[in-house]
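The chain contents come next:
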Amino acid sequence: MDVIDRLAGIAPGSPLDAIRDGRLQARKHAQAAYDALFKPASEADASRAERLAIACFVSGLHGQPGVEAYYLEGLSDSEAPAAWRDAIAGAVAAGKGQGPFGRYPKGPLSGEDTPGPVLTLDGSLKAALGPRLAAAFEHTHMLVFHPRDSSPAHLQALIDGGWSTTGIVVISQLVAFLSYQIRVAAGLRVLNGRLA
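What counts, and at which threshold
Residues numbered from 1 in each chain as written. Predicted model: local features only at pLDDT ≥ 70, side-chain atom pairs only at ≥ 80, totals over all residues. Heavy atoms only, no water. Helix = DSSP H or I, 4+ residues; strand = E, 2+ residues; numbered from the N terminus. Rg over C-alpha atoms; globule rule 2.2 N^0.38 Å. Buried < 20%, exposed > 50% of the residue type's maximum accessible area, 1.4 Å probe, protein only. Areas by Shrake-Rupley, 256 points an atom, 1.4 Å probe, with all protein chains shown as cover. Polar contact = N/O pair within 3.5 Å; in protein donor to acceptor, adjacent residues only side chain to side chain. Salt bridge = Lys/Arg side-chain N within 4 Å of Asp/Glu carboxyl O. Phe/Tyr/Trp six-rings, centres within 6.5 Å; stacked < 30°, edge-to-face > 60°. Lys NZ or Arg CZ within 6 Å of the ring centre and 35° of its normal. Axes fitted to C-alpha atoms, helices over the stretch in contact; angles between N-to-C directions. Left-handed = near helix turned anticlockwise from the far one by under 90°. Contact = heavy atoms within 4.5 Å. Nonpolar A, V, L, I, M, F, W, Y, C, P; charged D, E, K, R; others polar. pLDDT = per-residue confidence, 0-100. Core = buried A, V, L, I, M, F, W, Y, C linked by side-chain atoms within 4.5 Å.

**Q** Hey, could you run me through the overall build of the protein in this one?
**A** Across its full length, the protein carries nine helices and zero strands. For the protein, the N- to C-terminal ordering of α and β elements is α-α-α-α-α-α-α-α-α. Expected size for 196 residues packed as a compact globule is a radius of gyration near 16 Å; at 18 Å, the protein falls within 12% of this value. The buried share among the 196 residues of the protein stands at 42%. Taken as a whole, the protein presents about 10000 Å² of accessible surface, with 58% of it coming from carbon and sulfur.

Shown next as structure tokens:
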């Protein structure tokens, strides 16, 4: 099952399916990236449930309910605590915004600096998510909305939350991949509507 096809509503044999087959390597590699991130050989540094929770959060921040529902379905089938589902919804509500925000180093791009909120989860959400996932969500929000503001202090917050350096890389890979997947699926849904 090609996940982007599912998220974009592409039926086998449809005109859009044929168009995607024209870029077969891109299609295969996108699915392979999904498989590597969500069906990993090892969950030592980031469990499947944590990965799916981060995916739900990223999808929610991007305002993509269909993508979020897909990952929530996976989360429900995982070993995730039941409290995570409501906590994810609460974190999405607390973190939604219109970015990107951030500051450039002093210089010609400084005129494009845009202030914006930084997510700090409240105590009840942190308790429901646990320290690891709470730290991951706050960092994920930084990567989604403040990509140019990330700093060593933000990485230290992940380490303090219980993440290994490999786990931190996994979080970054998830955010990057999901940003790509969400945009591709949204674009294909628009194109699919025009071809119908």
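**Q** Please explain the side chain of S179 as it appears in this structure.
**A** As for its position among the elements, S179 is in helix α9 (residues 165–195). In this structure the side chain of S179 is engaged in a polar contact, spanning 2.9 Å, whose partner is the backbone oxygen of V175.

**Q** Help me understand the environment of L158, please; the structure alone is not making it clear to me.
**A** In this fold, L158 is placed in helix α8 (residues 152–160). Along the primary structure L158 and F137 are separated by 21 residues, whereas in three dimensions their C-alpha atoms are 9.7 Å apart.

**Q** Can you walk me through the pattern of salt bridges in this structure?
**A** Between side chains of opposite charge, pairing is possible as soon as their charged atoms come close. Scanning the entire structure with this criterion turns up ten salt bridges. Between D5 and R20 there is a salt bridge, with the nearest N and O atoms lying 2.5 Å from each other. Here D5 is found in helix α1 (residues 3–8), whereas its partner R20 is found in helix α2 (residues 15–21), with 15 residues between them in sequence. The pair D5 / R20 is uniform in exposure class, with both members buried. For D21, the salt bridge is made with R27, and the minimal N-O distance between the two is 2.5 Å.

**Q** Teacher, can you tell me more about the packing of aromatic side chains here?
**A** What characterises a pair of aromatic rings is the spacing of the ring centres plus the angle enclosed by the ring planes. The full count for this structure, using the stated rule, is seven aromatic pairs. Consider the rings of F38 and Y71, whose centres lie 5.1 Å apart with planes at 35°: the pair is tilted. With F38 in helix α3 (residues 24–38) and Y71 in helix α5 (residues 65–76), this residue pair connects regions lying 33 residues apart in the sequence. Looking at F38, the relative accessible area reads 2%, which means it is buried. In this structure an aromatic cluster arises from ring pairing among Y34, F38, Y70 and Y71. Sitting above the plane of the W163 ring, R132 keeps its charged end 3.9 Å from the centroid.

**Q** Help me understand the packing of helix α4 (residues 48–61) against helix α7 (residues 123–145), please; the structure alone is not making it clear to me.
**A** Helix packing for two helices is described by the angle between their axes and how far apart those axes are. Following both chains from N to C, one finds α4 and α7 inclined at 40°, their axes separated by 10 Å at the closest point. Of the two elements, α4 crosses α7, and the hand of that crossing is right-handed. Residues E50, A53, I54, F57, V58 and L61 of α4 touch α7, and the partners they reach there are R132, L133, A136, F137, T140, H141, V144 and F145. Among the residues making up the contact of α4 with α7, the classes are represented as ten nonpolar, two polar and two charged.

**Q** How should the confidence of the model for the protein be read in this particular structure?
**A** In the predicted model, the protein carries a mean pLDDT of 94, and the fraction of residues at 70 or more is 99%. Looking across the protein, the model is least confident in α2, with a mean pLDDT of 91, and most confident in α4, with 98.

**Q** I'm lost on the nonpolar core in this one. Help?
**A** The biggest cluster of nonpolar side chains holds 49 residues, and the ones touching the most others in it are F38, Y71, L75, W84, F137 and L178. Counting only elements with at least two residues in this core, the list comes to α1, α3, α4, α5, α6 (83–95), α7 and α9. Those residues in contact with L178 that sit more than four places away from it in its chain are F38, I54, A55, V58 and Y71. By size, the runner-up hydrophobic cluster in this structure holds six residues, among which are I4, I10, L16 and A30.

**Q** Can you walk me through the environment of K106 in this structure?
**A** With respect to the element layout, K106 can be found in the loop between α6 and α7. According to the relative accessible area criterion, K106 is exposed, its value standing at 86%. Considering only alpha carbons, one finds K106 and L195, 89 residues apart in sequence, at a separation of 47 Å.

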